[in-house]
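Each chain, letter by letter, is given below.
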Amino acid sequence: MWAVLLLAAVLAFAVVRPRGLPEAAAAVPAAAIAIGGGLVPWSAARDEMIMLGPTVGFLAAILALAHLADAWGVFGYAGGLAARSARGSPTRLLTVVFGIAAVVTAVLSLDATVVLLTPVVFATAAAAGVRARPQVYACTHLANAGSLLLPVSNLTNLLAFGATGLTFLGFAGMMALPWVAVIAVEYAVFRWFFAGDLATPARPSPVEPTPAPRFALVVLALTLAGFAVAEPMGVAPAVVAAAGAVVLAVPLVVRATDRRRTALGIALSTNPLFCFFVFALGVVVLALRRNGLDDLIAALTPGSASLLGLLAVAGLAALLANLVNNVPATLVLVPVVAHTPALVLAALIGVNVGPNLTYVGSLATLLWRRILHARDEPPASAVFLRLGLATVPACLLAAVVALWVALKLSTVL
Amino acid sequence: MNVVVWLAEGTWQACVDAAAEVAPPSATITLLHVTDPALAEDVSDAFGGLMGRGTRGPDPGAAVGAAAARAQEELLAAAAARLDRPSSPVRRQGRLEREVVTAAEGADLLVVARDGPVTRLGPRSLNPPTRFVVDHAPCAVLLVWPTAPPPVDTIPPPPPHKAAPPPHKAAPPPHKAAPPPPPPP
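Residues numbered from 1 in each chain as written. Chains lettered and ligands numbered in written order. Predicted model: local features only at pLDDT ≥ 70, side-chain atom pairs only at ≥ 80, totals over all residues. Heavy atoms only, no water.

### Let's talk about the overall build of chain A
- Within chain A one finds 18 helices and zero strands.
- Relative to the compact-globule value of 22 Å for 413 residues, chain A shows a C-alpha radius of gyration of 21 Å, a close match.
- Within the span of chain A, comprising 413 residues, buried residues form 58% of the whole.
- Looking at chain A alone, contacts between residues at least 24 apart form 80% of all its contacts between residues at least 6 apart. (Helix = DSSP H or I, 4+ residues; strand = E, 2+ residues; numbered from the N terminus. Rg over C-alpha atoms; globule rule 2.2 N^0.38 Å. Buried < 20%, exposed > 50% of the residue type's maximum accessible area, 1.4 Å probe, protein only. Contact = heavy atoms within 4.5 Å.)

Structure below.
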């Protein structure tokens, strides 16, 4: 009972965000209460945090890597590339943006797409005389839906990666087909949904070619290859990501006029409060799981990885991700289905694709915004909600069927 | 004569050219551009939906909003240069269709461009905001093609006649037989 209240308080805090305080401000004390109040024995909490350690390290490294890639001009280069290959056609620009957003999300995580790529895509569309709506919404949608491919693509994947028992390449191999299926469905729906904006003619304006940031692109490619190569040698992917970040960071810091400030900026780009939040949320959810939630979720989830079983788990995961948020949904679901790795992958489909429905984070956030609307806060966006309704169910279905096919073809799982 | 020219991405050049052609030298020309803040707000919300990232970090919605403001200035400057005669810029924020109708109040002429497919004549050569503006404009509207208009034979064939429309009771009897239905294409 107390565990429910604790988690509810943490989630409510994340929805309301009093005084703009970070989510960690509620989650860390809540974790301390859970441990101090005996809801979680210290040893179990310690084990949970040790288990989360590599995940959070990986998260911090990948956040820094994306920030550094931006500092090296990778996103500006991607924008220029998109503008030139679009040659003044809104539809071609959408296609290129889909490709770029899918790759950026897969390699540098969804945060990179939302925070760093979206503004660049808007500026690119505006400069090309194209109405930017389809391209901008494509970024926000693919940040979630395009994050199936690699363990680094989404925090949810990182949290569940250990439970799948797969290698880095094994994970990518199983999720490649669902990833492609989701992107194909999103693309088809976008072409239909934004047919009006895409039909508006644009006057192509000459785009100055930007020089490729070769050093940063090579380091990113080597880092990506390193994830796959280093793992069999016992080197954690987090170490590879950190190494890539250091290689990108050192020249920037050395060249900077204010070295301390540059170094501090890079250190802060790892978002330490976010990392604390993940640790604390892990402990709070553990308290709930030890007090009956595991049994409840276990009763709701099917035990076998049949097509229906996969669909049920993905649907439940999408539902939970929309009810609360996808990070707690992952922490709750994954341990329960960990006995069957295929079900973990299905759960990841649900928690990654699902959030496009209530794009503001969760149903709770939507309701809270309705309440705030009475005080002149803008209501939820109708475009976003309709787009979510048009894509999410079809994407879930396509991804689960693709996963089922991948499982049939695979010898790993 | 007050002429308001609605400048929208991709089609504004045609509106400026049309205004330059039809507005008498004595006319006052207003170049209007509307930015819908909903796009930047949605990006902000999508970022806010990611749990745990805190609220102090860089807000991509603010970045999109700033880029939109820059794009608006660039577009207005380019339009003023293209028009090459005195004009005054008007910047508005809000729902496109509502803002344009409001801005056209008191004007004698509103210049608007079609923004649907340009490869054929209709249907739906107007996207919903433009359709709303044409429907609700409180003044005369000059509706221009953003590119050379497509030939007349691109018009879609009429729908097949299923049944004659029911005669209206009060309608006077027809003086001559109804024209034969057009031949199928």
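### Some remarks on the UniProt feature "domain: UspA" (unreviewed entry) in chain B
- The feature "domain: UspA" (unreviewed entry), as annotated in UniProt, sits at residues 13-144 of chain B in this numbering.
- Helix and strand shares over residues 13-144 of chain B are 47% and 18% respectively, and the end C-alpha atoms of the span are 10 Å apart. (UniProt positions renumbered as here; feature names shortened; annotations may be inferred.)

### Quick notes on helix 3 (residues 60-83) of chain B
All names here are of chain B.
- The end-to-end C-alpha distance of helix 3, which contains 24 residues, comes to 34 Å, matching closely the 34 Å that a straight helix rising 1.5 Å per residue would cover.
- Regarding helix 3, the residues found buried are Pro 60, Gly 61, Val 64, Ala 67, Ala 68, Ala 71, Gln 72, Leu 75, Leu 76, Ala 79 and Leu 83.
- Taking the backbone nitrogen of Gly 61 as reference, a side-chain oxygen 2.8 Å away marks Asp 59 as the first, capping residue of helix 3.
- Asp 84 sits one or two positions beyond helix 3 and adopts a positive phi of about 60°. (Expected span 1.5 Å × (residues − 1). Polar contact = N/O pair within 3.5 Å; in protein donor to acceptor, adjacent residues only side chain to side chain.)

### Quick word on the pairing of strand 4 (residues 109-113) of chain B
Residues and elements named next belong to chain B.
- Taking burial as the measure, the five residues of strand 4 include five buried ones, the bulk of the element.
- In strand 4, alternate side chains face the same way, and those of Leu 109, Val 111 and Ala 113 on one face and Leu 110 and Val 112 on the other are all buried.
- With three bridges connecting them, strand 1 (residues 2-7) and strand 4 associate as parallel partners. Each bridged residue has a counterpart across the sheet, and for Val 5 the counterpart in strand 4 is Val 111.
- Pairing of strand 4 with strand 5 (residues 140-144) involves five bridges; the strand directions are parallel. Along strand 5, the bridge assignment pairs Val 111 with Leu 142.
- In this view, the connection linking strand 4 to its parallel neighbour strand 5 by way of helix 5 (residues 128-136) has right-handed handedness. (Pairing = 2+ DSSP bridges. Right-handed = clockwise from strand over helix to strand, strands pointing away.)

### Some remarks on the sheet that holds strand 5 of chain B
Residue and element names in this part refer to chain B.
- Taken together, the five strands give an open sheet; going across it, the order is 3-2-1-4-5, and neighbouring strands pair in parallel fashion. The open sheet terminates on both sides in strands that have one partner only, identified here as strand 3 (88-93) and strand 5. Strand-to-strand twist of the sheet, defined as the mean angle between neighbouring strand axes without regard to direction, takes the value 25°.
- Most of the contacts of helix 3 go to strand 2 (residues 28-35), to which it runs at about 155°, and overall it touches strand 1, strand 2 and strand 3.
- Its contacts with the sheet place helix 4 (residues 96-103) against strand 1, strand 2, strand 3 and strand 4, and it is angled at close to 160° to strand 2. (Axes fitted to C-alpha atoms, helices over the stretch in contact; angles between N-to-C directions.)

### Notes on the interface of chain A and chain B
- With 44 residues of chain A in contact, the opposing surface of chain B contributes 37 residues.
- For the pair chain A and chain B, the summed buried surface comes to about 3,300 Å²; carbon and sulfur atoms form 61% of the total.
- Our enumeration of links across chain A and chain B arrives at two salt bridges.
- One salt bridge in this structure joins Asp 111 of chain A and Arg 53 of chain B, with 2.8 Å as the shortest N-O distance.
- At the boundary of chain A with chain B, the tally comes to 13 residue pairs in polar contact (both at pLDDT 80 or more).
- Secondary-structure elements contributing two or more residues to the side of chain A that touches chain B are helix 1 (2-16), helix 5 (90-127), helix 6 (133-145), helix 9 (195-199), helix 13 (272-300) and helix 15 (326-337) of chain A.
- If one sorts the elements of the side of chain A that touches chain B by residue count, helix 5 of chain A sits on top with eight residues.
- Broken down by class, the residue content of the side of chain A that touches chain B amounts to 25 nonpolar, 10 polar and nine charged. (Buried area = accessible area lost by both parts, 1.4 Å probe. Salt bridge = Lys/Arg side-chain N within 4 Å of Asp/Glu carboxyl O. Nonpolar A, V, L, I, M, F, W, Y, C, P; charged D, E, K, R; others polar.)

### Section: the packing of aromatic side chains
Residue and element names in this part refer to chain A.
- For the structure shown, the criterion picks out 12 aromatic pairs over all chains.
- Measuring from ring centre to ring centre gives 5.8 Å for Phe 161 and Phe 171, while their planes differ by 90°; the resulting arrangement is edge-to-face. Taken as a pair, Phe 161 in helix 7 (residues 155-164) and Phe 171 in helix 8 (residues 168-193) lie far apart in primary sequence, 10 residues in all. The exposure classification of Phe 161 matches that of Phe 171, with both residues buried.
- These aromatic residues form a ring-pair network of at least three members: Phe 98, Tyr 137, Tyr 187, Phe 190, Trp 192, Phe 193, Phe 194, Tyr 359 and Phe 384. (Phe/Tyr/Trp six-rings, centres within 6.5 Å; stacked < 30°, edge-to-face > 60°.)

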